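Report on the structure
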Amino acid sequence: MISAGQESSYRLLVVDDNRAIHDDIRKVLVADASSSEINAMEAKLFGDGPEGVQSAAFEICSAYQGQKGFELVQAAMREGRPYTVAFVDMRMPPGWDGIETIEHMWREDPNLQVVICSAYSDYSWSEIVQRLETGDRLLILKKPFDNVEIVQMAHALSWKWTLQREVLRASERRYRALYDDNPAMFFTIGTEGILLSANRFGAERLGYSVEELVGLPVSMLHADDDRTFIREQLKKCFHAPHTVHRWASYKMRKDSSLLWVRETARVVEGTDGKPTILTVCEDITEARNLSEQLAYQASHDDLTGLDNRREFEQHLQQVLQTARAERIEHALCYLDLDQFKVINDTCGHVAGDELLRQLGSLLMEKVRKTDTLARLGGDEFAVLLENCSAEQAYRVANKLRKAVEDFRFLWEDKSFNIAASIGLVPITEASGNMNNVLSMADAACYVAKDNGRNRTHMYHEDDVEVAQRCGEMQWVARINRALEENRFHLRCQPIVPIGSGENEGDHYELLIRMEDEDGRIVAPGAFLPAAERYNISTRLDHWVIDTAFNWLARQPEHLERLSLCSINLSGHSLGDDDFLIFVIDKFNEGQVSPKKICFEITETAAIANLSSATHFIRTLKALGCRFALDDFGSGLSSFAYLKNLPVDFLKIDGVFVKGIVDDPVDLAIVRSINDMGHVLGKRTIAEFVENAAVLEKLREIGVDYAQGYGISSFRHQEREGNGTLNRG
């Protein structure tokens with residue numbers, strides 16, 4: 001029952017050599033739509049059909065020989081319009097009989113439902129089933145036909161086909177949903193590297209539609225530098241088809257952004273029987289980015305973004321190996337900022353951090369791409385110059401130093417000039433291990449600082465200055481052992497008034513001495529630089545204060561006549577809050593009055609720790625302590641910083657004092673320091689007074705006190721000049 005223009009739902013094929021049979025089936029199944037007889041019969045027999053299907057509409061094709069019927073089935077399969085039901089006669093001479101025809105048709109279309117038209121005279125049912133090896137796709141329609149039987153048979157088979165089709169469609173929808181919407185990317189790849197299929201989720205993750213992806217070479221999903229790797233992986237899959245292969249790579253989206261995936265692949269048989277590769281890709285971009293971020297943080301400095309010390313040392317280790325194995329020359333620059341703490345103390349750590357960030361960017365612009373620039377910590381940077389001779393390295397180091405020197409740091413309303421000292425060490429096949437090279441670079445940097453700062457010192461063989469610096473490291477262990485074995489002493493050096501002649505009471509400075517393993521006395525100039533350099537000077541300051549206070553507490557008569565005991569403090573102690581608490585606790589014990597103690601700090605230490613020094617001084621002055629600024633005149637900005645330091649005494653550096661008799665410049669410097677000190681309300685002390693002529697000049701100038709080995713004629717010499725305090 002097909003209206004004009006209506007496409008039939010079901011296609012029937014009648015294969016019978018008797019034309020009358022074709023006519024009978026056609027008359028019954030393809031009647032006029034107004035035929036009340038057929039409509040009534042259908043309604044009576046079946047009512048409504050499967051969901052969405054009212055009574056069936058048939059298109060009937062005819063073949064009068066078995067081979068012709070097979071050809072029609074072939075053509076229908078090629079067109080994608082297979083037959084639903086085939087009515088096949090058992091006996092069709094000449095040519096194939098019904099069973100042969102069915103066998104051929106089923107090879108072409110295994111889903112074809114078959115109605116065998118037979119009078120049972122030629123074949124038995126058991127024989128048919130046995131020959132065709134199945135009965136689930138067969139029904140028997142006995143000749144001569146009954147109209148109701150034909151309709152019933154055709155509809156039963158067509159509705160069965162409809163239900164099967166709906167089940168298949170539902171199954172396909174479920175499969176499609178599972179395949180397309182699975183949160184993993186599925187691809188199949190042919191032997192030529194062409195994408196044969198992709199699920200919707202995978203295509204969308206790459207920015208494509210499925211139709212756009214299918215047919216593309218898989219290499220199009222990879223950047224140039226990754227294509228060789230992918231081709232090799234696909235070759236491995238085809239060479240080992242029974243193995244599951246795994247790798248990580250990145251795929252390139254349509255917008256050229258990258259998507260990192262973990263890919264699992266194996267070879268499967270395609271619909272055409274050829275091997276194809278099925279790959280399942282899991283998006284690991286977020287995990288990869290996190291991993292890269294963690295790796296970056298582990299190898300880079302948080303503040304500047306440069307390599308950190310750990311990463312730099314790994315590079316240095318590799319460079320040392322290549323220098324030995326390939327006899328290639330490299331160089332190491334160790335850069336330390338001069339007066340960095342001034343900015344930290346005057347502007348705060350935020351300003352100091354910003355300075356380091358800006359300098360990191362500045363230095364990165366000045367080094368080659370093959371060089372390694374790192375921040376080692378604090379204000380220390382290092383540059384590893386690969387394939388670089390000593391002469392080239394020296395030029396590079398000076399270029400870096402000059403760049404820092406020309407840089408001006410602006411913070412709020414302040415402007416600062418920056419400078420750097422650089423230690424340079426050539427790396428050759430004869431270089432030692434990593435620790436030795438770093439120690440030499442560090443020592444060379446400090447030699448540059450000792451020689452006036454803002455300069456480069458290149459280490460060379462027999463470098464006495466660097467050797468001396470390296471030797472300081474050996475002093476660290478000796479100092480620690482001497483502290484453990486209590487092999488330090490304190491000696492007194494008197495400080496006497498000049499001119500007045502009045503007895504103000506005992507006034508002296510305590511000087512520390514170390515006794516070596518053989519009992520010899522070691523001068524402080526041998527071990528104090530190492531103590532300062534390697535941050536153990538605060539331990540010595542602890543020992544000095546403990547020893548001095550304990551000794552004074554045991555000498556009540558001496559303490560009574562004591563005017564002032566001067567104790568030196570290191571720059572490290574000034575910035576140590578725990579040390580300040582320790583000193584306050586010692587005074588709180590009540591054995592020694594704060595008014596009896598004067599703490600001496602060097603001008604350079606005070607400037608380097610200005611805010612810490614000011615806080616330290618004000619705190620202890622509030623208790624009654626006094627302070628002296630030692631080695632005054634040797635610093636870089638003495639007059640500018642003096643106003644900010646609430647000290648009681650200025651100790652004029654002995655470098656100037658020694659020459660005041662013969663050198664008019666030294667005399668003018670000492671005179672100006674003395675006059676300035678008096679204007680500021682501070683008393684002055686001249687150091688290194690070695691003879692009477694110097695003493696007389698100091699008296700003429702008006703210096704208040706003198707200290708040194710040349711004043712032995714004064715009244716304090718016999719009593720305290722060479723005195724030694726008992727060890728605590």
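Now for a look at the structure at hand. (Residues numbered from 1 in each chain as written. Predicted model: local features only at pLDDT ≥ 70, side-chain atom pairs only at ≥ 80, totals over all residues. Heavy atoms only, no water.)

For the protein chain, the helix and strand inventory stands at 28 helices and 27 strands. Residues counted as buried form 48% of the 728 residues belonging to the protein chain. The long-range share in the protein chain, meaning contacts at least 24 apart out of those at least 6 apart in sequence, stands at 66%. In the form shown here, the protein chain has an accessible surface area of approximately 35,900 Å², with 49% of it arising from carbon and sulfur atoms. (Helix = DSSP H or I, 4+ residues; strand = E, 2+ residues; numbered from the N terminus. Buried < 20%, exposed > 50% of the residue type's maximum accessible area, 1.4 Å probe, protein only. Contact = heavy atoms within 4.5 Å. Areas by Shrake-Rupley, 256 points an atom, 1.4 Å probe, with all protein chains shown as cover.)

Before going further, it helps to examine the sheet that holds strand 17 (residues 456-458). On the basis of which strands lie adjacent, the open sheet formed by 5 strands has the order 12-13-11-16-17 and mixed pairing. The open sheet has two edge strands, strand 12 (372-377) and strand 17, and neither has a second partner. Strand-to-strand twist across the sheet, computed as the mean angle between neighbouring axes with direction ignored, equals 20 degrees. Both strand 12 and strand 13 (residues 380-385) contribute to a ladder of 5 bridges, which runs antiparallel. Paired with Arg375 across the strands is Phe381, a residue of strand 13. Set on the sheet, helix 13 (residues 349-366) makes contact with strand 11 (330-338), strand 12 and strand 13; between it and strand 12 the angle comes to about 160 degrees. (Pairing = 2+ DSSP bridges. Axes fitted to C-alpha atoms, helices over the stretch in contact; angles between N-to-C directions.)

The strand order 7-6-10-9-8 describes an open sheet built from 5 strands, whose pairing is antiparallel. Bordering the open sheet on either side are strand 7 (195-198) and strand 8 (245-252), each of which pairs with just one other strand. Within the sheet, the average angular offset between the axes of one strand and its neighbour, ignoring direction, is 30 degrees. Two strands pair when backbone bridges link them, and strand 9 (residues 258-269) and strand 10 (residues 275-283) are joined in this way by 9 bridges, in the antiparallel orientation. Of the residues in strand 10, the one forming a bridge with Val267 is Ile277. Of the strands in this sheet, strand 6 (185-189), strand 8, strand 9 and strand 10 are in contact with helix 9 (residues 224-239), which crosses strand 8 at around 150 degrees.

What follows concerns the environment of Thr285. In this fold, Thr285 is placed in helix 10 (residues 285-299). With 27 residues separating them along the chain, Thr285 and Leu258 place their C-alpha atoms 8.4 Å apart. Residue contacts for Thr285: discarding those within four places in its chain leaves Leu259 and Trp260. A distance of 2.9 Å separates a polar side-chain atom of Thr285 from the backbone nitrogen of Trp260. (Polar contact = N/O pair within 3.5 Å; in protein donor to acceptor, adjacent residues only side chain to side chain.)

Glancing now at the pairing of strand 12. A large share of strand 12 lies buried, amounting to 5 of its 6 residues. Adjacent in sequence and paired antiparallel, strand 12 and strand 13 are bridged by 2 residues, among which Gly378 carries a positive phi angle near 55 degrees.

This structure, assessed with the given rule, holds 0 disulfides. With no disulfide of its own, Cys565 lies 7.1 Å from the sulfur of Cys492, the closest cysteine sulfur. Classification of Cys565 by relative accessible area gives buried; the value is 1%. (Disulfide = S-S within 2.5 Å.)

What follows deals with the packing of aromatic side chains. Taken as a whole, this structure holds 12 aromatic pairs when the rule is applied. Seen from their ring centres, Phe70 and Trp96 are 5.9 Å apart, and the 65 degrees between their planes marks the pair as edge-to-face. Taken together, the positions of Phe70 in helix 3 (residues 66-79) and Trp96 in the loop between strand 3 (85-89) and helix 4 (98-108) put the pair 26 residues apart, joining distant regions of the chain. Comparing Phe70 with Trp96 shows no difference in burial state: the two are buried. With a centroid separation of 5.2 Å and 70 degrees between ring planes, the pair formed by Tyr250 and Trp260 is classed as edge-to-face. Of this pair, Tyr250 sits in strand 8 while Trp260 sits in strand 9; the two residues are 10 residues apart in sequence, bridging distant segments of the chain. Just as Tyr250 is buried, Trp260 falls in that class too. (Phe/Tyr/Trp six-rings, centres within 6.5 Å; stacked < 30°, edge-to-face > 60°.)

In this section: the pairing of strand 25 (residues 683-686). Note: strand 24 (residues 649-652) against strand 25, 4 bridges, orientation parallel. If you follow Ile652 over to strand 25, its bridge partner there is Ala686. Running through helix 27 (residues 692-701), the crossover from strand 25 to the neighbouring parallel element strand 26 (residues 705-707) is right-handed. (Right-handed = clockwise from strand over helix to strand, strands pointing away.)

It is worth spelling out helix 14 (residues 390-406) at this point. Helical geometry note: an α-helix holds 3.6 residues per turn, so side chains three or four residues apart project in the same direction. For helix 14, built from 17 residues, the straight-helix expectation of 24 Å at 1.5 Å per residue is met to within 8% by its first-to-last C-alpha distance of 24 Å. Within the span of helix 14, buried status applies to Ala390, Ala393, Val396, Ala397, Leu400, Arg401, Ala403 and Val404. What you see down the axis of helix 14 is that its buried residues fit within an arc of 155 degrees, all on one side. Exposed residues lying more than 90 degrees from the buried face of helix 14 are Glu391 and Arg395. Close packing links the buried residues of helix 14 with strand 11, helix 13, strand 13, strand 16 (419-427) and strand 17. (Expected span 1.5 Å × (residues − 1). Arc of directions from axis to C-beta.)

All right, on to unusual backbone geometry then. Despite not being glycine, Asn454 has its phi angle at roughly 50 degrees, a positive value. Tracing the backbone through its elements, the reader meets Asn454 in the loop between helix 15 (434-450) and strand 17. Positive phi, normally seen in glycine, also occurs at Phe688, with a value near 60 degrees. Mapped onto the secondary structure, Phe688 falls in the loop between strand 25 and helix 27. The exposure class assigned to Phe688 is partly exposed, which follows from its relative accessible area of 44%.

Before going further, it helps to spend a moment on helix 21 (residues 577-588). Taking 1.5 Å of rise per residue, the 12 residues of helix 21 would be expected to cover 16 Å, and the 17 Å separating its terminal C-alpha atoms lies within 8% of that figure. Residues Phe579, Leu580, Phe582, Val583, Lys586 and Phe587 constitute the buried set of helix 21. Relative to the axis of helix 21, the buried residues are bounded by an arc of 155 degrees and lie together on one face. Every exposed residue of helix 21 that faces more than 90 degrees away from the buried side is listed here: Asp577, Asp578 and Asn588.

Attention now moves to the nonpolar core. Counting 72 residues, the largest nonpolar core has Ile479, Phe488, Ile567, Phe599 and Leu698 as its most contacted members. At 8 residues, helix 18 (residues 537-553) tops the list of elements feeding residues into this core. Contact partners of Leu698, with chain neighbours within four places excluded, come to Ile498, Val657, Ile660, Val670, Ala686, Val689 and Val703. Core analysis: the second largest hydrophobic core is formed by 34 residues, Leu306, Leu337, Leu363 and Ile422 among them. (Core = buried A, V, L, I, M, F, W, Y, C linked by side-chain atoms within 4.5 Å.)

Let us look at the pattern of salt bridges. Throughout the structure, instances matching the rule amount to 32 salt bridges. With its nearest N and O atoms 3.9 Å apart, the salt bridge here joins Lys651 to Glu687. Residue Lys651 is located in strand 24, and its partner Glu687 is located in the loop between strand 25 and helix 27; the two are separated by 36 residues in the primary sequence. Judged by its relative accessible area of 0%, Lys651 is buried. Among the charged side chains, a network of salt bridges with common partners joins Asp336, Asp338, Lys449 and Arg453. (Salt bridge = Lys/Arg side-chain N within 4 Å of Asp/Glu carboxyl O.)

Mapped onto the secondary structure, Ser537 falls in helix 18. Owing to a relative accessible area of 4%, Ser537 belongs among the buried residues under this scheme. Apart from the residues lying within four places of it in its own chain, the contact partners of Ser537 are Ala531, Glu532, Ser570 and His572.

Moving on, we come to the environment of Glu354. In this fold, Glu354 is placed in helix 13. C-alpha separation for the pair Glu354 and Phe409, spaced 55 residues apart in sequence, amounts to 9.2 Å. Here Glu354 is in contact with Phe409 and Trp411, once residues within four sequence places are set aside.

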